[in-house]
Amino acid sequence: MSRVSRIGGLVALTALVVAAGLWWESGAWQYGDLSTRGLVRVAGFSLVALACHGLAALLRRRAR
Amino acid sequence: MTRATFPSRLLDGFGLVCALGAVLSLLYYWDPTRTAFKRLMPGGDARFEHIPADTASLPVSEWVTIRDAADVRDRRGRLLTRIFGAPTLPRDLMPQRVVRHIEKNPGKHHTCLSPTGPAVVHLLSRMDTIIMRALACEAAYYRRWRNLAGIDELTGYLVKDWYPYSIAYFRPKRGNGRLILYQQGLAATYHDQHRMIEGWVGEGYTVAALNMPGYGDNTCYDQRRYCRGTLMDARFGTKLAMAFLPPVVAVNYAMAEQRFRQIAMIGVSSGAWVTLVSAAIDPRIGVSFPVAGVLPLAMLKGKEESAREIVEGLTDIAGVLDLAVMGADRSGRRQVQIFNRYDRCCFYGPRAAVLAPLLAEAARKLGGRHQVLFDETHARHKISRWAADRIMEAVNGSGTAAP
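Residues take numbers from 1 onward in each chain, read along the sequence in its written order. Each chain takes a letter, starting from A, and each ligand takes a number, starting from 1, following the order in which they are written. Note on the predicted model: pLDDT of at least 70 is required for a residue's local features to be given, and 80 or more for side-chain atom pairs to be given and counted; whole-chain, interface and lining totals, by contrast, use all residues. Processing note: side-chain calculations cover all non-hydrogen atoms of the structure and skip hydrogens and water entirely.

### Some words on the nonpolar core
Residue and element names in this part refer to chain B. If you look at the biggest cluster of nonpolar residues, it comprises 77 residues, and the most contacted ones within it are Phe 84, Leu 181, Phe 244 and Trp 273. Strands are runs of DSSP state E lasting at least two residues, helices are runs of H or I lasting at least four, and both sets are numbered from the N terminus onward. Per-element tally for this core: the top contributor is helix α11 (residues 239–257), with twelve residues. When sequence neighbours within four positions are dropped, the list of residues in contact with Phe 84 reads Leu 89, Pro 90, Arg 235, Phe 236, Ala 241, Phe 244, Leu 245, Val 248 and Ile 281. In terms of nonpolar packing, the next biggest core, distinct from the first, is built from 40 residues, Ala 136, Met 196, Ile 338 and Leu 373 among them. The nonpolar core is taken to be a set of buried Ala, Val, Leu, Ile, Met, Phe, Trp, Tyr and Cys residues, with the residues joined through side-chain atoms within 4.5 Å. Only protein chains enter the area calculation, which uses a 1.4 Å probe; residues under 20% of their type maximum are buried, those over 50% are exposed, and those in between are partly exposed. In this analysis, two residues are considered to be in contact whenever any of their non-hydrogen atoms come within 4.5 Å of each other.

Below, the structure written as structure tokens:
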């Protein structure tokens with residue numbers, strides 16, 4: 001895994017975990033401190049980021 | 001060692017951008033950081049921190065014209081005549097139809113427009129279906145609430161082929177003798193506040209939840225369920241009665257079911273205006289909480305102007321400030337107005353601060369109590385946890401917002 005992959009993956013995963021925690025802690029609903037819509041946006045970006053880094057790692061492994 | 005190919009580098013770069021997007025989304029959507037953004041944005045200081053010059057120069061002290069109990073009686077009688085066609089509150093008026101345990105037996109109803117459950121409805125539904133969420137469709141999702149004995153649907157048919165009213169009456173298993181009327185505002189239904197209502201029921205409050213006319217079940221979308229049979233008296237088919245009759249019926253029904261030691265009314269946005277008027281005309285409402293709404297008509301700006309039509313036809317009898325004082329017109333009656341200081345929609349900023357001492361003094365002279373609070377914990381148009389905590393302190397007579 002490249003350094004960029006590691007940093008990007010860690011940032012995405014951290015954002016996802018923090019968002020899920022904040023959403024859950026404030027009632028897990030649209031009118032909580034973090035709205036359901038907000039959680040979905042964060043999750044969307046995070047999962048795409050993780051997928052990109054995963055795919056990049058796979059391509060690098062194959063190119064070895 | 002791996003050899004970085006162009007596609008993998010591209011994916012890494014795109015992944016990093018998305019990771020940053022996740023962080024920015026988190027900062028944008030989380031209330032504390034969003035509030036900080038709002039404060040720092042250009043014009044934020046003028047919008048949220050200072051009283052505008054055109055507001056500061058208004059003759060607000062002249063707008064409180066209620067002086068004593070006789071004034072209150074006179075205005076209340078005139079308001080009731082304007083709203084209900086008679087100078088007394090229709091205390092004997094009951095719902096035309098009551099469906100007990102709607103969470104178990106919803107009965108025949110129209111196709112549900114947002115049958116997704118409260119948690120995901122905002123993600124999977126269009127706005128025009130969100131504002132039409134029906135109790136018969138949603139009640140099953142509330143069945144497992146802690147301490148919920150049952151939900152009653154209270155309805156009446158107001159305007160032929162056009163408007164019924166529908167009230168959701170949540171009964172707790174172990175009640176605490178307190179009733180909360182919750183009035184939702186525009187562009188939403190009380191189903192959106194399911195967590196808050198669930199919390200109240202869990203703590204033993206009986207809750208009557210209401211929508212604005214034209215929202216949720218307050219339309220003839222479900223013609224067969226709500227708009228058949230005998231119409232109510234024509235005097236209740238007016239625009240004013242459509243908005244202000246349901247809270248009266250909810251209290252009538254609740255009082256017939258059991259005695260309550262406290263009746264509170266909470267309304268958000270346009271619901272705050274209904275709360276303002278309901279508390280003014282119905283002294284049975286002990287404490288009232290207009291949230292994220294209610295300013296004198298001369299102070300309204302932009303989107304806030306839409307609230308004007310809710311009280312149209314009433315403010316020549318009692319202005320907005322007089323209505324507020326009438327909601328706290330005697331010992332034991334109290335009104336707490338809560339404004340979201342950084343509200344991204346409307347009723348933002350410290351404008352209400354110029355009114356607070358006037359209202360407090362006018363209510364004090366009558367024996368009641370009026371308070372204005374500013375919620376600085378978020379930048380949305382909602383009732384926050386902070387506001388909900390202050391409200392419950394006032395309802396229960398505990399904490400910093402206690403009497």
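Past the structure itself, the notes keep going.
### A short note on the sheet that holds strand β9 (residues 369–375) of chain B
Note: strands within a sheet are paired through backbone hydrogen bonds, in either parallel or antiparallel orientation. Residue and element names in this part refer to chain B. The nine strands lie next to each other as β1-β2-β3-β5-β4-β6-β7-β8-β9, forming an open sheet whose pairing is mixed. Both outer strands of the open sheet, β1 (97–99) and β9, are each paired with one neighbouring strand and no more. For this sheet the average axis-to-axis angle between neighbouring strands, irrespective of direction, equals 15°. When DSSP finds at least two bridges between two strands, those strands are taken to pair. Sheet topology places strand β4 (residues 178–183) next to strand β6 (residues 262–268); six bridges connect them, and they run parallel. Across the sheet, residue Ile 180 finds its bridge partner in β6, namely Ala 264. On top of the sheet, helix α14 (residues 356–366) reaches β8 (334–340) and β9; it is set at about 155° to β9, its chief contact. Here the axes come from fitting lines to C-alpha atoms, over the contacting stretch only for helices, and the angles between their N-to-C directions go from 0 to 180 degrees. With respect to the sheet, helix α15 (residues 385–396) is in contact with β4, β6, β7 (287–291), β8 and β9, its orientation differing from that of β7 by roughly 165°.

### Description of the interface of chain B and chain A
Taken together, the contacts link 33 residues of chain B with 40 residues of chain A. Values labelled buried area give the accessible surface lost by two parts on being combined, using a 1.4 Å probe and summing over both. Per-residue buried area on chain B facing chain A is highest for Asp 12, Tyr 29 and Arg 385 of chain B; these three make up 19% of the total on that side. Here, a salt bridge means any Lys or Arg side-chain nitrogen found within 4 Å of an Asp or Glu carboxyl oxygen. Between the two partners, chain B and chain A, sit three salt bridges. Put simply, Arg 385 of chain B and Glu 25 of chain A hold a salt bridge, and the shortest N to O gap is 3.2 Å. Counting of polar contacts relies on pairs of N or O atoms within 3.5 Å, with two restrictions inside protein: one atom must be capable of donating a hydrogen and the other of accepting it, and residues adjacent in sequence are counted only when both atoms are side-chain atoms. At the boundary of chain B with chain A, the tally comes to 14 residue pairs in polar contact (both at pLDDT 80 or more). Classifying every residue of the side of chain B that touches chain A by side-chain character gives 16 nonpolar, nine polar and eight charged. Under the scheme applied here, ten amino acids are nonpolar (Ala, Val, Leu, Ile, Met, Phe, Trp, Tyr, Cys and Pro), four are charged (Asp, Glu, Lys and Arg), and all others, including Gly, are polar.

### Looking at the side chain of Asp 375 of chain B
All names here are of chain B. You can see Asp 375 is positioned in strand β9. As a buried residue without a salt bridge, Asp 375 has its nearest oppositely charged side chain in Lys 382, at a separation of 7.6 Å. A polar contact of 3.1 Å, which involves the side chain of Asp 375, links it to the side chain of His 378. Engagement of the side chain of Asp 375 in a polar contact is seen with the side chain of Ser 384, the distance being 2.4 Å. Residues contacting Asp 375, with those up to four places away along its chain left out, are Ile 338, Phe 339, Asn 340, Arg 341, Ser 384, Trp 386 and Ala 387. Positive charges come from Lys and Arg alone, negative charges from Asp and Glu alone, with His and the N- and C-terminal ends not counted.

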